[in-house]
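# Chains, contacts and geometry: an overview
Letter by letter, the chains look like this.
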Amino acid sequence: FETITGYSRDETIGATAEELGIWPETDFREKFRYRLLEQNRVNNMPAMFKTKDGTIRHTRISAEKIDIEGTECILGVFPDVTDEVIAVKALVVRTI
C-alpha cells in the first residue's frame, strides 16, 4: 500500500480511505459499497485512486467481507494497472 499510494503505515493505520482522500471519483465509494453488500465480494472493479502526491492512477479492486474475531472487515487488493490502461488506450488510438 505504501509503495503504491505513498502513504506510510503510520498515516494509514486507523484512517479510512475517505480520510486519506484516496478515491477521486465522488460516487465510487457508493458503487463499491453497493456491490460488496449485494454480493459479499467485488472482483476486478475498475477504479482510479489518488496517491499522496495527487497523482491519479488506475486499479481493478477485488475485495470481500471477512470476519475477524467477531468484527466485520474488508479484505481487498487493488493493484496499480495504470501502465496497462495507458497501453490499451494507445492501441485503440492507433487502430482508429
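Our structure's up above, just so we're on the same page.
What this report covers is the structure whose coordinates are included nearby.

Cut-offs used in this document
- In this convention, every chain numbers its residues from 1, walking through the sequence in written order.
- Two thresholds apply to this predicted model, a pLDDT of at least 70 for residue-level local features and 80 or more for giving and counting side-chain atom pairs, whereas whole-chain, interface and lining totals are computed over all residues.
- No hydrogens and no water enter the side-chain calculation; it runs on all heavy atoms of the structure.
- Per-residue accessibility, obtained with a 1.4 Å probe over protein chains only, is compared with the maximum for each type, and a residue is labelled buried under 20%, exposed over 50%, and partly exposed between these values.
- Strands are runs of DSSP state E lasting at least two residues, helices are runs of H or I lasting at least four, and both sets are numbered from the N terminus onward.
- Only strands that DSSP links by at least two bridges are regarded as paired with each other.
- By the convention used here, residues are in contact when the closest approach between their heavy atoms is within 4.5 Å.
- Each polar contact in these results corresponds to two N or O atoms within 3.5 Å; when the atoms are within protein, one needs to be able to donate a hydrogen and the other to accept it, and residues that are neighboring in sequence are counted only if both atoms are side-chain atoms.

### Some points on the pairing of strand β3 (residues 71–77)
Of all seven residues that make up β3, zero are buried, and the element is exposed over most of its length. Sheet topology places strand β2 (residues 56–68) next to β3; seven bridges connect them, and they run antiparallel. Bridge assignment links Asp67 to a residue of β3, and that residue is Glu72. Turn length for the β2-β3 hairpin, with the two strands adjacent in sequence and antiparallel, is two residues, and the turn residue Glu69 shows positive phi of about 50°.

### Observations regarding the environment of Arg57
Locating Arg57 in the fold gives a position in strand β2. In sequence terms Arg57 and Pro24 are 33 residues apart; their C-alpha atoms lie 9.9 Å from each other. Every residue in contact with Arg57, bar those within four places of it in the chain, is listed here: Ala47, Met48, Phe49, Thr51, Asp80, Thr82 and Asp83. At 2.8 Å, the side chain of Arg57 and the side chain of Asp80 are in polar contact.

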